[in-house]
Amino acid sequence: MRPQARNWLLLAPAGAWFLFMLVLPLVVVLVFSFGERGPAGGYVPAFTLEQYLNLPARWTAFKNTLTLAPVGTMLALLIAYPLAYFLAVRANPKWRMMLLILVIVPFWTSILIRSYAWIFILGGRGIPSLLAMVGLENVRLINTPFAVLTGIIYGYLPLMVFPIYVSLERLDKRLLEASADLGSPPWRSFMQVTLPLSIPGVATGCMLVFILLMGEFLIPAMLGGGKVFFVGNALVDLFLQSRNWAYGSAVAVALVAIMLLTVSLYMRFVRRFSDARDDVSLM
Amino acid sequence: MRQTKQNPGQLNSMGYAPIPGSIAEFRGATKLFGEVVAADHIDLAIFKGEFLSFLGPSGCGKTTALRMLAGFETPSRGDVLIDGDRVNDMPPHRRPVNMVFQHYALFPHLNVFDNIAYGLRQRRPRPGASEIATKVERTLETVRLPGYGKRRIWEMSGGQQQRVALARALVNEPKLLLLDEPMAALDRKLRREMQIELQTLQRQLGITFVLVTHDQEEALSMSDRICLMRGGRIVQIGSPRSLYDEPASRYVADFVGKSNFFEGRLSGRSAGIGSVETRSGMLLSGRTVGDFAEGQTVAVSIRPEQCLLSQSEPGEAAAGATRIKVRIRNRIFLGEHTEYLVESGGMGEFLVHVSRQADAMSGAFEAGEEAWASWPREAAIVLENDATSEPPKKGNEHVEEK
Ligand SMILES: Nc1ncnc2c1ncn2[C@@H]1O[C@H](COP(=O)(O)OP(=O)(O)OP(=O)(O)O)[C@@H](O)[C@H]1O
Ligand SMILES: [Mg+2]
């Protein structure tokens, strides 16, 4: 077989999947977004910009997504980095595998069940009742941005920990010795060697978490209780409840456009930072 | 020649009396890794401006000794002194020494310039940008890489990376430059070039170099002094010449250069000359090195290039010269000389190196031919017959039995 043909064969399954599950649906959504809502819901072919002009009606969903997704990503990073550092650098190699498994153990239970647990913990009979005992009355946690962020960090932490762990684990420890030998105290070696060399892992982790958060709907639905909702929740509402497919499609197109824009800006930013490395991996 | 055993000088403020002229010292320095004794009671003074090599087989503790100087290992017992101060507990970043790492350990996220400037930028107060640039450029010239500052590390060849690593250490003007097998990753020709460059550089800059190597040729050609190690201990310290010509034991003679060994019993000795009776009853005589009891098993060492081969029996030579009839077993052309493997009834097989000139004059010998091998008495050295292959775990006192 010619190498060319073999390459195509290797790509065929993924290509077919990509075409039927991603490209075609996107085209359908794009077409729908210029249509109109039928009298009993659904879609009526048309060509109008009406749906797009109507987008500001869902401003809150976009605002929540565009604030809580980046903030959640940053908070997850701040918590994940020290954890990954400990696992990769400080932990006894004998226990490392064990500790890594502990990081993913929560994933063995459905996110739905775990979210119910958080509803209970943050709900009236959870933490607020404990706070009431020490005199802090009427603290509301559930159905607030705080609750949603808590759920986000809890759910997405492993996704952030792993890429960072991998890049830290791969780091050549002799570079730190070289740094010390050249007169750099440990904390400065961290800033000048460890941190820059772990940027690819950080970039990968942030990207993964951010993209998934932009499409998130379960956590805000469970812990935001209709008060803190994402674009994902708006889509569920538009497609399944009010059956306004045309408007839902326009919202979906807007979300995809925003995602493409932010991600490409972010990639450019990260590349500027880490073009020093030949093996930068942004996935 | 400098001696290692010197009278300690004045006590310094910390109560240590550094050996005059020394820049660093090991004092009974021992390093244990669990059960493994990586360095065993090392006593050594390193003098200002000298080129010292740690030489020895793999695992003998060379790197450990170097890392104790750099500060990456703390001695389990004993002391390490730099510039007269006990530095056992001084972290690496405070020590006035720099190291060239075995695989260079260059920073992949920094370009050549920033790699070299790294050490200068750690100084407090931090030198100005122009001062740093001047020093880096000058060092790049010293290692013959002018204008390479903007290059990425992975755009440099192995030999160039080696120079960058050297420059990164040299730019700090350390009191002591430590090199851990810096040339191990280079091919033979490049290694030879770098050896010469390194040696020239050391003379030029006057910085004390401490080199770790397991390549005896490298140690012989570059060092002022060689410190030969075995199983964590120092076996012999001295100039390359003294290690080669006056080895302290069979182990040294075997590790430094090639040599033939004939085992036997010391049957008599007088005025630095020992007579040795080999197992087959042959009598050999040679210089004695060390103190031996009569009857003790010893080894007589004869360097292959100190043997002569001739077609006819050599005439009456100086007293004590050895002449034996041999049969040529094998001949290998090695460029600068020809190596003959010869066999004699009484002494078994041994090697003779014949220079090209001598080979041309006497005519090359063919395998199977008979010839005479001879050597002057001074060429034979009677040595302690210590084990040659693996270092013994405890002590050096055991005698090889074949
Ligand atoms: N960090 C460590 N932990 C445990 N054992 C060690 C450690 N470092 C060195 N050793 C042991 O100490 C001994 C000396 O090691 P060292 O690295 O000094 O040898 P070396 O002479 O440099 O050998 P090579 O030529 O192979 O580099 C070896 O037996 C080695 O296994
Ligand atoms: Mg070593």
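Every residue gets a number counted from 1 within its own chain, in the order that chain's sequence is written. Chain A is the first chain written and ligand 1 is the first ligand written, with later ones labelled in order. Since the coordinates come from a predicted model, pLDDT governs what is reported: local features require at least 70, and pairs of side-chain atoms require 80 or more to be given and counted, while whole-chain, interface and lining totals use all residues. Only hydrogens and water are removed before side-chain values are computed, so all heavy atoms of the structure are retained for them.

(A) Representation of the pairing of strand β3 (residues 51-55) of chain B in the model. All names here are of chain B. The rule is simple: take the accessible area with a 1.4 Å probe, protein chains only, and divide by the maximum for that residue type; under 20% is buried, over 50% is exposed, in between is partly exposed. Only runs of H or I of at least four residues qualify as helices and only runs of E of at least two qualify as strands under DSSP, and these elements are numbered from the N terminus. Of all five residues that make up β3, five are buried, and the element is covered over most of its length. Across the two faces of β3 the burial is the same, with Phe51, Ser53 and Leu55 and Leu52 and Phe54 all buried. Two strands pair under a simple rule: DSSP has to find at least two bridges between them. Sheet analysis places β3 next to strand β8 (residues 208-213), joined by five bridges and oriented parallel. The residue of β8 that forms the bridge with Leu52 is Val210. Pairing analysis gives four bridges linking β3 to strand β9 (residues 225-230), with the strands arranged parallel. Counted as the bridge partner of Ser53 is Ile226 from β9.

(B) Representation of the site of ligand 1 within the structure. Residue and element names in this part refer to chain B. Whether a residue is near a molecule or strand depends on its heavy atoms: it is near if one of them lies within 4 Å of it. Near ligand 1 you find Phe33, Val36, Ala38, Pro57, Ser58, Gly59, Cys60, Gly61, Lys62, Thr63, Thr64 and Glu181, and these make up its full shell. Two N or O atoms form a polar contact when they lie within 3.5 Å of each other; inside protein one atom must be a possible hydrogen donor and the other a possible acceptor, and for residues adjacent in sequence the pair counts only when both atoms belong to side chains. Cys60 places a polar main-chain atom, nitrogen or oxygen, 3.2 Å from an oxygen atom of ligand 1. For ligand 1, an oxygen atom lies 2.5 Å from a polar atom in the side chain of Thr64. Each accessible area value is a Shrake-Rupley result obtained with a 1.4 Å probe; residue values ignore everything except the protein chains displayed when judging cover. In the complex, the protein chains occlude 60% of the 640 Å² of accessible area that ligand 1 would expose alone. Mapped by element, the contributors of at least two residues to the shell around ligand 1 are β2 (36-47) and α1 (62-70). It is α1 that provides the largest number of residues to the shell around ligand 1, a total of three residues. In this count, Pro and Cys sit with the nonpolar residues alongside Ala, Val, Leu, Ile, Met, Phe, Trp and Tyr, while Asp, Glu, Lys and Arg are called charged and the others, Gly among them, polar. Each residue belonging to the shell around ligand 1 can be placed in one class, and the counts come to five nonpolar, five polar and two charged.

(C) Representation of the packing of aromatic side chains within the structure. Two rings from Phe, Tyr or Trp (for Trp, the six-membered ring) form a pair when their centres sit within 6.5 Å of each other. Planes less than 30 degrees apart are called stacked, planes more than 60 degrees apart edge-to-face, and all others tilted. Throughout the structure, instances matching the rule amount to 16 aromatic pairs over all chains. A centroid spacing of 4.0 Å and a plane angle of 15 degrees characterise the contact between A:Phe32 and A:Tyr43, whose relative ring orientation is stacked. With A:Phe32 in helix α1 (residues 3-33) and A:Tyr43 in the loop between α1 and α2 (50-53), this residue pair connects regions lying eleven residues apart in the sequence. Measuring from ring centre to ring centre gives 6.1 Å for B:Phe350 and B:Trp375, while their planes differ by 90 degrees; the resulting arrangement is edge-to-face. Of this pair, B:Phe350 sits in strand β18 (residues 348-355) while B:Trp375 sits in strand β19 (residues 370-375), and the two are 25 residues apart along the sequence. Side by side, B:Phe350 and B:Trp375 carry an identical accessibility label, which is buried. Three or more aromatic residues link up through ring pairs in this structure, and these residues are A:Phe32, A:Tyr43 and A:Trp245. Consider the ring centre and the ring normal. A charge sits over the ring if Lys NZ or Arg CZ is within 6 Å of that centre and within 35 degrees of that normal. For the cation-ring pair, A:Arg114 lies above A:Phe107, with the distance from its terminal atom to the ring centre recorded as 5.2 Å.

(D) Here's a closer look at the pattern of salt bridges. When a carboxyl oxygen of Asp or Glu lies within 4 Å of a side-chain nitrogen of Lys or Arg, that pair is called a salt bridge. The full count for this structure, using the stated rule, is 28 salt bridges over all chains. In this structure, A:Asp172 engages A:Arg174 in a salt bridge whose closest nitrogen and oxygen atoms are separated by 3.1 Å. When salt bridges that share partners are traced, they join A:Glu177, B:Arg67 and B:Glu73 into one network.

(E) Structural context of the nonpolar core. Core analysis: the largest hydrophobic core is formed by 52 residues, its most contacted members being A:Ile152, A:Met160, A:Ile164 and A:Val251. Looking at this core, the elements that each hand over two or more residues are α3 (59-90), α4 (93-104), α5 (111-122), α7 (145-170), α9 (186-214), α10 (218-223), α11 (231-241) and α12 (245-274) of chain A. Here, two residues are considered to be in contact whenever any of their heavy atoms come within 4.5 Å of each other. Discounting chain neighbours no more than four positions away, the residues touching A:Ile164 are A:Leu77, A:Tyr81, A:Ala84, A:Gly201 and A:Val202. As used in this record, nonpolar core signifies buried Ala, Val, Leu, Ile, Met, Phe, Trp, Tyr and Cys residues forming a set joined through side-chain atoms within 4.5 Å. Core analysis: the next-biggest nonpolar cluster, separate from the first, contains 40 residues, B:Cys60, B:Met68, B:Ile82 and B:Val210 among them.

(F) Just the sheet that holds β9(B), in detail. Residues and elements named next belong to chain B. Reading across from one edge, β6-β7-β8-β3-β9-β10 is the order of the six strands in this open sheet, with mixed pairing throughout. Looking at which strands have only one partner, the edges of the open sheet turn out to be β6 (97-100) and β10 (233-238). Taking the axes of each pair of neighbouring strands and ignoring which way they run, one obtains an average angle of 20 degrees across the sheet. For helices, the fitted axis covers only the stretch in contact; all axes are lines through C-alpha atoms, and the angles between them, taken along N-to-C directions, range from 0 to 180 degrees. Along the sheet face, α1 touches β3, β6, β7 (176-180), β8 and β9 and points at about 150 degrees away from the line of β7.

(G) A look at empty space enclosed by the protein. Residues and elements named next belong to chain A. Using a grid of 1 Å spacing that covers the protein atoms alone, one calls a set of points a cavity when a 1.4 Å probe fits there but cannot get out, and a pocket when the set is open and has protein on both sides within 12 Å along at least five of seven lines; lining residues are those with an atom within 4 Å of a point. Grid points are joined across faces, edges and corners, and a volume is the space filled by probe spheres set on the points. In the structure shown here, the tally under the stated rule is one cavity of 30 Å³ or more. By volume, the largest cavity is sized at about 40 Å³. The wall of the largest cavity is formed by Ile111, Arg114, Ser115, Trp118, Gly151, Tyr154, Ile219 and Leu223. Mapped onto the lining of the largest cavity, the elements with two or more residues apiece are α5, α7 and α10. Looking at the lining of the largest cavity element by element, the count peaks at four residues for α5. Classifying every residue of the lining of the largest cavity gives five nonpolar, two polar and one charged.

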